[in-house]
Amino acid sequence: MADQKVPLLEVKNIVKRFGGLVAVNRVSMEVYPGEVVALLGDNGAGKSTLIKVVSGVYPPDEGEIYFEGKEVKINNPMDAIQLGIETIYQDLALAENLNVYSNIFLGREKLKKWLGLVSVLDHDYMHDESKKVLDRLGIEIPSLKNKIKMLSGGQRQSVAISRSIYWKAKLLIMDEPTAALGVAEQRKVLDLVRTLKDQGVGVIIISHQLYDVFQVADRMIVLRRGEKVGERITKDTNSDEIVGLMVGAELVEDSKGEEV
Amino acid sequence: MGQTLTSKREKNALVWFGQNWIFLFLLFLVILFSFVGRGFFSPKTLNNILISSSPALLLAAGEAFVIITGGIDLSVGFVRGLISVLSAIVMRDLYALGYSPAFAISVGIIVGLGVGLLPGLVNGILVAKFRVPPFIATLGMYGIANGFALRLSQGFPISFVPPQAREIGNGFIAYWFPGKGISFFAPPEGISGAEVRHIVGIIPYSILIAGVIIAVFSFILTRTQFGQHTYAIGGSIDAARRAGILVDRHLIKVYMISSFFAALAGVLSVLVFGNGAPTQFASSLELFAVAAVVIGGASLMGGKGSLTKTAVGVFILSVLEIGFLMAGVFPFYRYIAVGAVLVFAVIIDQVMPELVYE
Ligand SMILES: Nc1ncnc2c1ncn2[C@@H]1O[C@H](COP(=O)(O)OP(=O)(O)O)[C@@H](O)[C@H]1O
Ligand SMILES: [Mg+2]
């Protein structure tokens with residue numbers, strides 16, 4: 001049924017090489033608004049490289065990218081951000097020495113005039129706006145004036161996600177968002193992903209925790225050695241089948257998924 | 001409940017101490033030397049400390065910007081010497097050619113400050129575009145600036161600058177002649193030789209110049225987007241890049257600020273001493289600048305630091321120098337004291353808790 005709509009993101013035949021190594025080999029995929037797509041595969045399968053192509057870290061060697069139906073060239077992180085593609089990397093990309101609201105507004109600070117002369121930071125505005133977005137997402141952080149280094153892993157992840165939401169991400173890409181978190185915090189992040197989905201945001205999530213993936217993903221795409229080896233609707237598959245695809249047990253490939 | 005309340009109050013006290021100990025320490029040193037140093041607590045000595053601190057204040061303020069980004073600028077000491085020599089040569093030659101002192105001094109200052117941007121531009125490009133570690137890039141500039149300074153000066157101070165230069169460098173906003181009133185901008189007239197000793201200068205020009213410039217840049221650092229990005233780059237250069245901050249361009253500007261401040265220090269030293277001199281190797285100005293910044297709470301890892309506290313760090317170093325001198329203590333104790341304060345500052349920074357908002 002999703003196929004009647006225009007995909008938010010569509011990539012076609014993406015190839016990315018590092019020297020002689022083909023990290024991503026003719027991979028195609030799409031993500032619809034309000035859909036959570038999981039990207040799965042063993043270590044080195046090419047998941048991170050594929051999403052870095054979409055988020056502008058590596059321009060692709062071959063292939064096309066369409067965003068909201070139009071072909072786009074994404075040459076650097078700013079191009080992606082301007083399209084509405086926000087990425088949460090494994091290492092988070094927050095400035096730990098700055099406080100919560102300063103991170104949400106990092107690089108896009110709200111300014112006001114001081115004595116009608118000079119532009120200075122508008123702390124009150126940034127604080128209040130950040131509070132609003134955190135409240136909307138049900139995130140509790142005692143004070144937004146605290147530096148990031150005082151926060152737990154889950155709170156940091158929440159700040160990173162809130163930043164993407166505040167800046168109106170249409171597509172949110174998350175590389176291993178729960179890897180460094182405790183169980184309760186993992187659940188929080190998954191709840192957040194569901195909230196985003198309800199708000200019509202498209203999500204690509206990379207995770208090693210199959211249990212998590214089955215909780216939130218609508219669709220799963222499995223990569224192996226840079227190639228897409230399977231694509232399944234979550235409710236039509238199970239973890240045995242997915243693990244089989246990941247490690248290359250060909251015998252399970254006859255099920256109903258649409259192979260490439 | 002009572003337990004947690006007291007421990008919270010204790011923690012807040014520790015946070016406060018961690019943030020403000022250097023102000024107390026400076027006060028303590030001033031009081032200490034007032035008792036042990038003959039004539040330390042006198043307008044003359046205090047003015048001397050202010051005047052001789054001015055160039056050091058500027059060096060340290062520029063250094064602070066670089067250190068907050070997580071870099072270091074080892075070239076500031078010799079850039080100061082180079083610009084001191086260069087601007088003194090311009091002043092001397094224009095004056096000798098018959099131009100007015102005001103013109104000669106102004107052009108000397110402008111040329112010095114203009115050329116002073118170049119070392120920073122080169123350092124910044126090396127660090128930002130060519131990914132040369134700041135230590136190495138600025139160590140290169142350290143040698144180059146010193147070489148040029150020695151070449152230009154032949155190793156001797158440049159004298160014969162217009163005498164008015166010294167009047168600016170050692171002038172005061174106001175002069176107080178006890179019993180006879182105050183005059184502004186120039187010493188009161190008609191005072192005979194022996195009585196001049198009784199005139200008290202109020203606020204030296206040199207500290208005014210350094211103070212105003214540092215106040216402006218402190219405002220930039222704490223209140224503006226430029227300052228925020230400076231801290232962000234020091235906190236996480238990757239986070240800054242991914243947030244769309246133009247990190248390379250920003251770093252180039254920061255290294256230019258640093259060398260501009262070094263140039264200002266050079267120009268100011270011509271005004272204070274009345275000549276231009278290459279920086280002596282043994283003076284290690286860049287290391288004292290780094291020490292002042294670190295005593296002021298910065299970390300060489302980047303991401304934190306303050307210009308106000310850096311200024312206090314500079315005053316601590318100056319008070320130690322002049323105080324030990326006047327107390328008749330062997331000069332090498334000063335180095336030991338500076339080293340001890342530096343280590344103490346780093347330890348305080350490590351052990352005192354961070355401020356947490358509820
Ligand atoms: N910057 C790079 N330079 C060279 N090889 C790389 C680079 N990034 C990834 N690779 C290689 O590309 C392959 C895919 O890596 P990656 O996309 O990180 O896999 P995954 O995220 O699925 O674990 C691996 O063989 C990896 O070593
Ligand atoms: Mg990866």
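Residues numbered from 1 in each chain as written. Chains lettered and ligands numbered in written order. Predicted model: local features only at pLDDT ≥ 70, side-chain atom pairs only at ≥ 80, totals over all residues. Heavy atoms only, no water.

## With respect to the overall build of chain B
Which entries qualify depends on this criterion: Helix and strand labels come from DSSP, where a helix needs a run of H or I of at least four residues and a strand needs a run of E of at least two; each type is numbered from the N terminus. Only C-alpha atoms enter the radius of gyration, while the globule expectation follows 2.2 Å times N to the 0.38, with N the number of residues. Under the scheme applied here, a residue whose accessible area is under 20% of the maximum for its type counts as buried, over 50% as exposed, and between as partly exposed, the area being computed with a 1.4 Å probe on protein chains only. In summary, the charge assignment counts Lys and Arg as positive and Asp and Glu as negative, without counting His or the chain termini. One atom stands in for each charge, and that atom is NZ of Lys, CZ of Arg, CG of Asp or CD of Glu.
When helices and strands are counted, chain B shows 13 helices and 3 strands. On C-alpha atoms alone, chain B measures out to a radius of gyration of 22 Å, which is about the 21 Å that the 2.2 N^0.38 rule sets for 358 residues. Projecting the C-alpha coordinates of chain B onto the three principal axes gives extents of approximately 70 × 50 × 35 Å. Burial analysis of chain B (358 residues in total) assigns 49% to the buried set. Within chain B, one finds 21 positive and 14 negative side-chain charges whose respective centroids are separated by 1 Å.

## As for the environment of B:Leu320
All names here are of chain B. Formally: Contact definition: two residues touch when any of their heavy atoms are within 4.5 Å.
As for its placement among the helices and strands, Leu320 is situated in helix α12 (residues 307–326). C-alpha of Leu320 to C-alpha of Val30: the two residues are 290 residues apart in sequence and 9.1 Å apart in space. Contacts of Leu320, omitting those with residues within four sequence positions, involve Leu29, Phe33, Arg334, Ala337, Val338 and Val341.

## Focus on helix α13 (residues 332–351) of chain B
Residues and elements named next belong to chain B. How we decide: Given a helix with a known number of residues, its expected span is that number minus one, times 1.5 Å. To be clear, the arc concerns the directions from the helix axis to the C-beta atoms.
With 20 residues, α13 extends 29 Å between its outermost C-alpha atoms, agreeing within 8% with the 28 Å of an ideal straight helix rising 1.5 Å per residue. Taken residue by residue, α13 has Arg334, Ala337, Val338, Val341, Ala345 and Ile348 as its buried positions. Down the axis of α13, the sector holding all buried residues measures 100 degrees, keeping them to one side. Exposed and oriented more than 90 degrees from the buried face of α13 are Tyr335, Ile336, Gln350 and Val351.

## Some thoughts on the sheet that holds strand β3 (residues 200–204) of chain B
All names here are of chain B. Inclusion rule: Pairing between two strands is assigned when DSSP locates at least 2 bridges connecting them. Each axis is a line fitted through C-alpha atoms, taken for helices only over the stretch in contact, and angles between the N-to-C directions span 0 to 180 degrees.
Judged by pairing direction, the sheet is antiparallel, and its 3 strands sit side by side in the order β2-β1-β3 without closing on themselves. Strands with a single pairing partner mark the edges of an open sheet, and in this sheet they are β2 (181–184) and β3. Strand-to-strand twist in this sheet, taken as the mean axis angle between neighbours without regard to direction, amounts to 20 degrees. Note: strand β1 (residues 172–177) against β2, 4 bridges, orientation antiparallel. What sits directly across from Trp176, in β2, is Ile182.

## Thoughts on the site of ligand 1
All names here are of chain A. Selection criterion: When we say a residue is near a molecule or strand, we mean one of its heavy atoms is within 4 Å of it. Here a polar contact is taken to be a pair of N or O atoms separated by no more than 3.5 Å, where protein atoms must pair a possible hydrogen donor with a possible acceptor and residues adjacent in sequence count only if both atoms sit in side chains. Surface accessibility in these figures is a Shrake-Rupley result with a 1.4 Å probe; residues are shielded only by whichever protein chains are displayed.
Close to ligand 1 lie Phe18, Leu21, Ala23, Asp42, Asn43, Gly44, Ala45, Gly46, Lys47, Ser48, Thr49 and Tyr58, which account for all nearby residues. One of the side-chain N or O atoms of Thr49 is found 2.5 Å from an oxygen atom in ligand 1. Bound to the protein, ligand 1 loses 62% of the 560 Å² it would expose on its own. At the level of elements, β2 (21–31) and α1 (47–54) are the ones that each hand at least two residues to the shell around ligand 1.

## Here we look at the pairing of strand β9 (residues 171–175) of chain A
All names here are of chain A. Of all 5 residues making up β9, 5 are buried, and the element is well covered by its neighbours. Residues Leu171, Ile173 and Asp175 point to one face of β9 and Leu172 and Met174 to the other, with burial holding for every one of them. In this sheet, β9 lies alongside strand β6 (residues 85–88) in parallel orientation, the contact comprising 4 bridges. Directly across from Ile85, in β9, lies its bridge partner Leu171. As judged from the 5 bridges shared by β9 and strand β10 (residues 202–206), these two strands associate in the parallel manner.

Nothing here speaks to function; it is geometry throughout.
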